[in-house]
Amino acid sequence: MDWHSNTSELILNPRRPSGPATEDLHRKLPELSSHVWLATSGTSGPDDSIKLVALAKNAVLTSAQAVNQHLRSNASDTWFCALPRFHVGGLGIWARAHLSGANVHSWSGLEKRWNVRRFYIELFESQATLTALVPTQIMDVVNLDLEAPERLRAVVIGGGSLTPAFYRKAVQLGWPL
């Protein structure tokens, strides 16, 4: 992604069946300069039911900069990306890495169904220092009593709320939420 260009980009799930309506989406979008278009989490069904949201690239980068400052992220970090780029959480990882110079290790399971054990093994092997997950992923880790890798210094949680019980259990297992 060219974060600093005036072009707008449409990022859709590559597994979504493409059809005439999907191919025509880009032409139907309002002309906005320097935005990213993503499908909302409520999008399912036929092509004409896609609900899109436009995020200004500058707004995504401003958010990324705030997270980087909070986490003190820099070029010595490695982000482990277990969320797809067409998900705002995955896009955020790439924006943070772009600004900080950090590396990104994309989980090889991104093109497959979520598998907490495969994720966990690869997270360890990647030697990542940062990641972002949704609450369901943390709940899966907690349900298996999996301890956080020592190098992992922060996990950004988004996309919904994490119950206090799961939060406490994750922290007990060493997950730096």
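Notes on the structure follow. Predicted model only: the values in this text are computed from it and were never measured.

Looking now at the sheet that holds strand 7 (residues 154–157). Note on sheets: strands pair through backbone hydrogen bonds, and any given pair is parallel or antiparallel. Spatial ordering of the open sheet is given by 5-4-6-7, a layout of 4 strands whose pairing is parallel. Strands with a single pairing partner mark the edges of an open sheet, and in this sheet they are strand 5 (103–106) and strand 7. Neighbour-to-neighbour, the strand axes of this sheet turn through a mean angle of 25 degrees, independent of strand direction. Summarising the sheet, strand 4 (residues 78–81) and strand 6 (residues 130–133) pair through 3 bridges and their orientation is parallel.

Both trends apply: most residues other than glycine have a negative phi, and most peptide bonds are in trans. One non-glycine residue, arginine 72, lies in the positive phi region at around 55 degrees. Following the sequence through the fold, arginine 72 ends up in the loop between helix 2 (57–71) and strand 4. We classify arginine 72 as exposed; its relative accessible area is 70%. Unlike most non-glycine residues, glutamine 127 shows phi in positive territory, near 60 degrees. In this structure glutamine 127 comes out as partly exposed when scored by relative accessible area, which is 44%.

The strand order across the open sheet built from 3 strands is 1-2-3, with neighbouring strands paired in mixed fashion. Of all strands in the sheet, those with a lone pairing partner are strand 1 (9–11) and strand 3 (52–56), marking the two edges. Between one strand axis and the next, the sheet turns by 25 degrees as a mean value, whatever way the strands run. By the bridge criterion, 3 bridges tie strand 1 to strand 2 (residues 35–39) in an arrangement that is parallel. Paired with isoleucine 11 across the bridge in strand 2 is leucine 38.

The rules behind the values
Residues numbered from 1 in each chain as written. Predicted model: local features only at pLDDT ≥ 70, side-chain atom pairs only at ≥ 80, totals over all residues. Heavy atoms only, no water. Pairing = 2+ DSSP bridges. Helix = DSSP H or I, 4+ residues; strand = E, 2+ residues; numbered from the N terminus. Axes fitted to C-alpha atoms, helices over the stretch in contact; angles between N-to-C directions. Buried < 20%, exposed > 50% of the residue type's maximum accessible area, 1.4 Å probe, protein only.

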